[in-house]
Amino acid sequence: MDALSGRFGGVADGVALQATWDGERLKGRVGGYTDGTDVTVWIDEGVLLGRVGGITHGFDVRAQIAAGVMTVRLGGYTEGVDVTLNFTPDTVTGRYGTFTDGLDVNLRHYAGEVRGRFGSFTRGVDARMDLGAVPFPLGALLMACALRLWLGQGRLLSASR
């Protein structure tokens, strides 16, 4: 079983990221033991499906990858957020949300470590993760889920790097 770990946000105001991948299912947690949220994603007929949180509090995850582009829906049809992630072997660029009300995504992959930012230079949140042997797209998906939780808790995006 492969494991990843990381941090979303700063040292004082961020949350821990942890997950394991067994080849079919990503099981992880955003945040700590008592104040975190579970994330589970699995492969079903070539599509990644999952759930962040529990039955009554949380949101569904649906992601597809085609031609180096991952399209993600975090949440339902009426209250969800779309995420588009464009992959190369070393980078992810894309958009979380809409053109007018969204955030840029810029992540870099260096020998098993992912570092990057959701948002702009002046308004965003940093993220870093040690992937281990977990596939890069799954790490990026976990970070997108962490951002949805972050914004849903009313956390602000930092004004500086």
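Residues numbered from 1 in each chain as written. Predicted model: local features only at pLDDT ≥ 70, side-chain atom pairs only at ≥ 80, totals over all residues. Heavy atoms only, no water.

Participant: Looking at this structure, I do not really get the nonpolar core. What am I missing?
Facilitator: It is characteristic of soluble globular proteins that their nonpolar side chains tend to be buried jointly. Among the nonpolar cores identified, the biggest contains 46 residues, and F8, L74 and F118 are the most heavily contacted of them. Considering every element that reaches this core, the biggest residue donor is helix α1 (residues 136-152), with 12 residues. The residues touching F8, leaving out its near neighbours within four places in the chain, are G14, V15, L17, F118, V125, D126, A127, M143, A146, L147 and W150. (Core = buried A, V, L, I, M, F, W, Y, C linked by side-chain atoms within 4.5 Å. Buried < 20%, exposed > 50% of the residue type's maximum accessible area, 1.4 Å probe, protein only. Helix = DSSP H or I, 4+ residues; strand = E, 2+ residues; numbered from the N terminus. Contact = heavy atoms within 4.5 Å.)

Participant: What am I meant to see in the environment of V69 here?
Facilitator: Among the secondary structure elements, V69 is positioned in strand β7 (residues 69-74). A residue is classified by how much of its surface remains accessible, and V69, at 28% relative accessible area, is partly exposed. For the pair V69 and T93, spaced 24 residues apart in the sequence, the C-alpha separation amounts to 9.7 Å. Residues in contact with V69, not counting those within four places in the same chain, are Q64, T84, L85 and N86.

Participant: What am I meant to see in the pairing of strand β5 (residues 47-53) here?
Facilitator: Moving residue by residue along a regular strand, the side chains alternate between the two faces of the sheet. Among the 7 residues of β5, 5 are classified as buried, and the element is accordingly described as predominantly covered. Pairing geometry for strand β4 (residues 37-44) and β5, over 6 bridges, is antiparallel. Each residue of the ladder has a partner; that of T40, found in β5, is R51. Linking two consecutive strands that pair antiparallel, namely β4 and β5, is a turn of 2 residues; a positive phi of about 55° is found at E45 within it. In terms of strand pairing, β5 meets strand β6 (residues 58-66) through 6 bridges, oriented antiparallel. When the bridges of β6 are listed, L49 appears paired with R62. Where β5 folds back onto β6 in an antiparallel hairpin, the turn is made up of 4 residues. (Pairing = 2+ DSSP bridges.)

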